[in-house]
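Coordinate inspection notes
If you want the building blocks of each chain, they are given just below.
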Amino acid sequence: MSVVLEKPKVTPEELLRLPKDRRYELVDGELVEKPMSWISGALMVRLGRFLDAYCEQHGAGGVSGSDARFRCFPDDPDKIRLPDLVFIRKERLTPELGSAGFITVPPDLVVEVLSPNDVSYEVDRRVQDYLNAGVKLVWVVHPQSRSVHVYRPGGQGVILSEHNELDGEQVLPGFRLPVCEIFRPLEQLPKTGGGSARGTSG
């Protein structure tokens, strides 16, 4: 007779003690590594600059990168998500935000930049977690198709190609950015026989 040993669950406090050079989320008590490719990181930084410039100009709030750990999910109090970029409105920023190692209020905007190893159903679950937690706007950046998928609570996703414009809607009033501007780093990649990045004008 074989005995199946149940794997012990990891706690949020144990997650905090792990090395900082590995990007882990905590889902259903299990560590889920969230690595990022070089190009995904480059696109994240570029979009973050546009968002940060908007916040500086309008005094809108704060933008944070992928080091911010969020513990704000009503279906699982111990779930930890690690968005690639977030925006939180100024009136919701407090000195205590994240002082315990986790941010317990949902951001207003979440940006996820996909890497080659991302699995579609895991991305869908991540998006749904954010929307259920109260996030007003989620952007999922797809480097391979040069598109951005936009999600809102209670609505269907919208796919924007590089010929469209990204709109901050009510979360970032007045923020507008041609989608092609996000993907400029792709044009710096060397062209190879395996398929080169397409150039864009403008």
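Before reading on, note that the structure itself is shown above.
The numbers attached to residues start from 1 for each chain and follow its sequence in the written order. In keeping with the predicted nature of the model, local features appear solely for residues at pLDDT of at least 70, side-chain atom pairs appear and are counted solely at 80 or more, and the whole-chain, interface and lining totals rest on all residues. Side-chain calculation: all heavy atoms of the structure are included, whereas hydrogens and water are not.

1. Points about the overall build of the protein
Basically, it comes down to this: Here a helix means four or more residues in a row that DSSP labels H or I, a strand means two or more in a row labelled E, and each is numbered from the N terminus. Buried means the residue's accessible area, taken with a 1.4 Å probe over protein chains only, is under 20% of the maximum for its type, while exposed means over 50%, and partly exposed covers the values in between. The contact criterion used is simple: two residues touch if any of their non-hydrogen atoms lie within 4.5 Å. Shrake-Rupley sampling with a 1.4 Å probe provides the accessible areas, and residues are treated as covered by the protein chains on show and by no other component.
Helix and strand content of the protein: 4 helices and 10 strands. For the protein, the α and β elements follow one another from N to C terminus as α-β-β-α-β-β-β-α-β-β-β-β-β-α. Looking at the 202 residues of the protein, the share that counts as buried comes to 42%. Across the protein, every contact between residues at least 6 apart in sequence was considered, and the portion connecting residues at least 24 apart equals 55%. Summed over its atoms, the accessible surface of the protein is roughly 11300 Å², and 52% of this surface lies on carbon and sulfur atoms.

2. Concerning the pattern of salt bridges
Pairing is possible between side chains that carry opposite charge, provided their charged atoms lie close to one another. The following threshold applies: What counts as a salt bridge is simple: a side-chain nitrogen of Lys or Arg found within 4 Å of a carboxyl oxygen of Asp or Glu.
Under the counting rule described, the total for this entry stands at 23 salt bridges. Among the ionic pairs, Arg 126 bridges to Glu 25, the shortest N-O distance being 3.7 Å. Remark: Glu 25 occurs in strand β1 (residues 24-27) and Arg 126 occurs in helix α3 (residues 120-133); sequence separation between them is 101 residues. With respect to burial, Arg 126 and Glu 25 carry one shared label: buried. Residues Arg 146 and Glu 162 are paired through a salt bridge, measuring 3.4 Å at the closest nitrogen-oxygen approach. Taken as a pair, Arg 146 in the loop between β6 (137-142) and β7 (147-151) and Glu 162 in the loop between β8 (158-160) and β9 (165-167) lie far apart in primary sequence, 16 residues in all. Of the two residues examined, Arg 146 and Glu 162, each falls in the buried class. A network of salt bridges, in which partner residues are shared, links Arg 23, Glu 25, Lys 34, Asp 75, Lys 79, Arg 81, Asp 84, Glu 112, Asp 118, Arg 126 and Asp 129.

3. Topic: the layout of surface pockets
Under the convention used in this document: Cavities and pockets were defined on a 1 Å grid built from protein atoms only: a cavity is a group of points that admits a 1.4 Å probe but offers it no way out, a pocket is an open group of points flanked by protein on both sides within 12 Å along at least five of seven lines, and a lining residue is one with an atom within 4 Å of any such point. Grid points are joined across faces, edges and corners, and a volume is the space filled by probe spheres set on the points. Under the scheme applied here, ten amino acids are nonpolar (Ala, Val, Leu, Ile, Met, Phe, Trp, Tyr, Cys and Pro), four are charged (Asp, Glu, Lys and Arg), and all others, including Gly, are polar.
Size it by volume and the second largest pocket reaches roughly 160 Å³. What lines the second largest pocket is simply Lys 20, Asp 21, Arg 22, Arg 23, Tyr 24, Ser 66, Asp 67, Arg 69 and Leu 82. Residues that form the lining of the second largest pocket fall into these classes: 2 nonpolar, 1 polar and 6 charged.

4. Observations concerning the pairing of strand β5 (residues 109-113)
Heads up, the rule is: We call two strands paired when DSSP finds no fewer than two bridges between them. Seen with its strands pointing away from the viewer, a crossover is right-handed when the path leading from the first strand over the helix to the second is clockwise.
Most of β5 sits inside the fold, with 5 of its 5 residues counted as buried. Side chains of β5 alternate between two faces, with Leu 109, Val 111 and Val 113 and Val 110 and Glu 112 buried alike. Inspection of the sheet shows strand β4 (residues 85-89) paired to β5 by 3 bridges, in the antiparallel sense. Residue Leu 85 lies in a different strand from β5, and its bridge partner there is Val 111. In terms of handedness, the path from β5 via α3 over to β6 forms a crossover that is right-handed.

5. What to know about the nonpolar core
Note the cut-off: Residues grouped as a nonpolar core are buried Ala, Val, Leu, Ile, Met, Phe, Trp, Tyr and Cys residues, joined through side-chain atoms within 4.5 Å.
Of all hydrophobic cores here, the largest spans 28 residues; its most connected members are Leu 47, Leu 51, Leu 109, Val 111, Trp 139, Leu 166 and Leu 172. Broken down by secondary-structure element, the contributors of at least two residues to this core are α2 (38-58), β4, β5, β6, β7 and α4 (179-182). Ranked by residue count, the leading element in this core is α2, at 7 residues. Grouped together as the second largest cluster of nonpolar side chains are 17 residues, Cys 72, Ile 88, Val 127 and Leu 131 included.

6. A word on the side chain of Asp 84
Just so we agree on the cut-off: Between N or O atoms, a polar contact is any pair within 3.5 Å; within protein, one atom must be a potential hydrogen donor and the other a potential acceptor, and residues adjacent in sequence are included only when both atoms are from side chains.
Tracing the chain through its elements places Asp 84 in the loop between β3 (61-64) and β4. Using a relative accessible area of 0% as the deciding quantity, one classes Asp 84 as buried. Only 3.1 Å separates the side chain of Asp 84 from the side chain of Arg 23, close enough to count as a polar contact.

7. Concerning α2
Counted only if it meets this: To estimate the expected span of a helix, count its residues, drop one, and scale the result by 1.5 Å.
Between its first and last C-alpha atoms α2 spans 31 Å; for 21 residues at 1.5 Å apiece the expected length is 30 Å, and the two agree. Of the residues making up α2, those classed as buried are Ile 39, Ser 40, Gly 41, Leu 43, Met 44, Leu 47, Gly 48, Leu 51, Tyr 54 and Cys 55. Where α2 is buried, its residues contact β3, β4, β5, β6, β10 (176-178) and α4. Residue Gly 59 follows α2 closely and has a positive phi angle near 60 degrees.

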